[in-house]
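Results of the structural survey
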Amino acid sequence: MDHARSPYRRLTSTAEAVLNRNWTGDHMVPSRTLYPHQWSWDAAFIGIGLAHVAPERGWHDLASLFAAQWPDGRVPHIVFDPGVAEKDYFPGPAFWEVPPVRQDGRSVRTTGIVQPPVHALAALHLHRVSPAADRLRELYPALVAQQEYLLKHRDAGGLGLVSIVHPWESGLDNSPSWDAALARVPADPEVLARYERRDTSKAVASHRPTNADYARYIGLAESYRDAGYRDFDLAETHPFVVECPAFNALTAAAEAALAEIATVVGADPAPHLERAAAITEALVGHLYDRETGQFHTRDVRTGELSKARCVNGLVPLILAGLPGEVAESLVAVAESARFGLPVPSYDRTAADFDTLRYWRGPVWININWLLWRGLATHGYADRADRLRTAMLDLVERSGCFEYFQPDTGEGIGTPDFSWTAALVLDLLAETPPERE
């Protein structure tokens, strides 16, 4: 696209300025205020936008993240910047108690949990926009190790699906998807007596997870940490073990991306295609509810599907191998009164729909970007164009915020949010899958 003639040319410069401000010289932070470290799936979404304006930064950001990959293949959800004081973010490295790793001549610390594996999609996108076969070749073994960790160590339910052990691993921290499973986790009030929340000092408390939920989050992190971040017998030993449809859809999409990457780097794409198909089949077989027409999370400990209708249940639309009737159903649900375009994070008709509280109602650009790709993948070009326009109009009107009020479009959360800016640049480039 000729950005000089774009109706969003002011938005282009705004998004680029956000990314320039959030670049540390080594990696991109999600925001300078609330998120002063490097986040895993943020780095992937940011790389997708950087492909259009600063691809070398995108490659460097991914390389920086994967330099902190654990020997077992897990990619930690946060790589802590040693230049940021412990007091400036909680829970910081002292809480997680993960031994430091050497990264580019310095010692860095990480968390012990993961986030959705969007990184293979980002690497492939960077290569498509600005070909760099050598970069792909360097990163490919680490991307494969990431997938092997998830598929071998985290199949707690034995169904061929990845389990998460903490809501933070989903990226959708306080989604109603976790309410039923979290209700069985005690909310110890002593947790918040021992630790001080930092997020509510930098963001509006009523927009953030409640204290009860936060106490559960810290308790779960302590439980996993104190067990040595061990993944053996999770369903029997850990209080929260859940299969998320979005996380698994992104795992399958990563395998499909790795198949294409394999053809570039001289590896065999067949195992990746087989795994993508197997995960897709398991998703449809175990997490899809024909009655609601969408996917739901499953509590591995009880075998029960969550009744909450959340946006993570629509994300499998990104999978090209999804049966046509399932894709059609997801599109119908997304366009229904329960959601609408742009898609909020939770069912608008639910009694506890909250237009301001994090993942319990607001609109997030990264999830809508995934749905935009899904619509294009399954041939819904007109709807994809409408969603693209809705996202761009939203950000042009309100700015590059973390998330948005679903009724008014007001920007909420932290301003100058990197993945919002980055994905806007990709939307402006107009490159959904069938146009690439």
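The present account deals with the structure reproduced in this document. Everything numeric here is computed off the predicted structure, so don't read it as measured data. (Residues numbered from 1 in each chain as written. Predicted model: local features only at pLDDT ≥ 70, side-chain atom pairs only at ≥ 80, totals over all residues. Heavy atoms only, no water.)

Below, the discussion takes up the overall build of the protein. Counting its secondary structure elements, the protein contains 18 helices and 12 strands. Projected onto the principal axes, the alpha-carbon positions of the protein cover approximately 55 × 55 × 45 Å. Each of the 436 residues in the protein was classed as buried or not, and the buried ones make up 60%. A sequence separation of at least 24 residues applies to 70% of the contacts in the protein between residues at least 6 apart. Charge centroids of the protein, computed over 41 positive and 57 negative side chains, lie 3 Å from each other. (Helix = DSSP H or I, 4+ residues; strand = E, 2+ residues; numbered from the N terminus. Buried < 20%, exposed > 50% of the residue type's maximum accessible area, 1.4 Å probe, protein only. Contact = heavy atoms within 4.5 Å. Lys, Arg positive; Asp, Glu negative; His and termini not counted. Charge placed at Lys NZ, Arg CZ, Asp CG, Glu CD.)

In this section: unusual backbone geometry. Negative phi characterises most residues that are not glycine, and trans characterises most peptide bonds. Of note, the amide linkage connecting Phe90 to Pro91 takes the cis form, showing an omega dihedral of -5°. Relative to the assigned elements, Pro91 resides in the loop between β2 (78-80) and α4 (93-96). In the segment running from Leu341 into Pro342, the intervening peptide bond is cis, with an omega of -10°. Located in the positive-phi region is Tyr229, a residue other than glycine, with phi close to 55°.

Moving on, we come to the pattern of salt bridges. Counted by the stated rule, this structure contains 21 salt bridges. For Arg137, the salt bridge goes to Asp134, with nearest N and O atoms at 3.0 Å. Highlighted residues: Arg137 and Asp134, both in helix α6 (residues 133-153), separated by three residues, approximately one helical turn. Using a relative accessible area of 39% as the deciding quantity, one classes Arg137 as partly exposed. Relative accessible area serves as the criterion here: at 54%, Asp134 is assigned to the exposed category. The residue Glu243 makes a salt bridge to Arg298 at a minimum N-O spacing of 2.7 Å. Of the two residues, Glu243 sits in strand β6 (residues 242-243) while Arg298 sits in strand β9 (residues 298-299), which places them 55 residues apart along the sequence. Residue classification places Arg298 among the buried positions, given a relative accessible area of 12%. Connected via shared salt-bridge partners are Asp72, Arg74, Arg154, Glu169 and Asp231. (Salt bridge = Lys/Arg side-chain N within 4 Å of Asp/Glu carboxyl O.)

With 146 residues, the main nonpolar core has Phe45, Trp96, Ile261, Phe295, Leu314 and Ile367 as its most contacted residues. Per-element tally for this core: the top contributor is helix α13 (residues 245-265), with 12 residues. Among residues more than four places away in sequence, those in contact with Ile261 are Ala120, Ala123, Leu124, Leu136, Tyr140 and Leu143. Formed by five residues, the second largest nonpolar core is a distinct cluster that contains Ala308, Cys310, Tyr346 and Ala350. (Core = buried A, V, L, I, M, F, W, Y, C linked by side-chain atoms within 4.5 Å.)

Axis separation between α6 and α13 bottoms out at 10 Å; the angle between their running directions is 145°. The way α6 lies across α13 gives a crossing that is left-handed. Residues Ala133, Leu136, Arg137, Tyr140, Leu143, Gln147, Leu150 and Leu151 of α6 pack against Phe247, Thr251, Ala254, Glu255, Leu258, Ile261, Ala262, Val264 and Val265 of α13. (Axes fitted to C-alpha atoms, helices over the stretch in contact; angles between N-to-C directions. Left-handed = near helix turned anticlockwise from the far one by under 90°.)

Before going further, it helps to examine α6. For α6, with 21 residues, the first-to-last C-alpha span of 30 Å sits near the 30 Å given by 1.5 Å per residue. Every buried residue of α6 is listed here: Leu136, Leu139, Tyr140, Ala142, Leu143, Val144, Gln146, Gln147, Tyr149 and Leu150. Contacts made by the buried residues of α6 are with α3 (55-66), α5 (119-129), α11 (211-226), α13 and α14 (270-287). (Expected span 1.5 Å × (residues − 1).)

The subject of this paragraph is the side chain of Gln147. Within the fold, Gln147 resides in helix α6. Leaving out residues up to four positions away in the same chain, Gln147 has contacts with Pro117, Thr251, Ala254, Glu255 and Leu258.

In this model α13 runs 30 Å from its N-terminal to its C-terminal C-alpha over 21 residues, within 8% of the 30 Å that 1.5 Å per residue would give. Within α13, 17 of the 21 residues are buried, leaving the element largely enclosed by the surrounding structure. Where α13 ends, the next residue or the one after it, Gly266, has phi of about 85°, a positive value.

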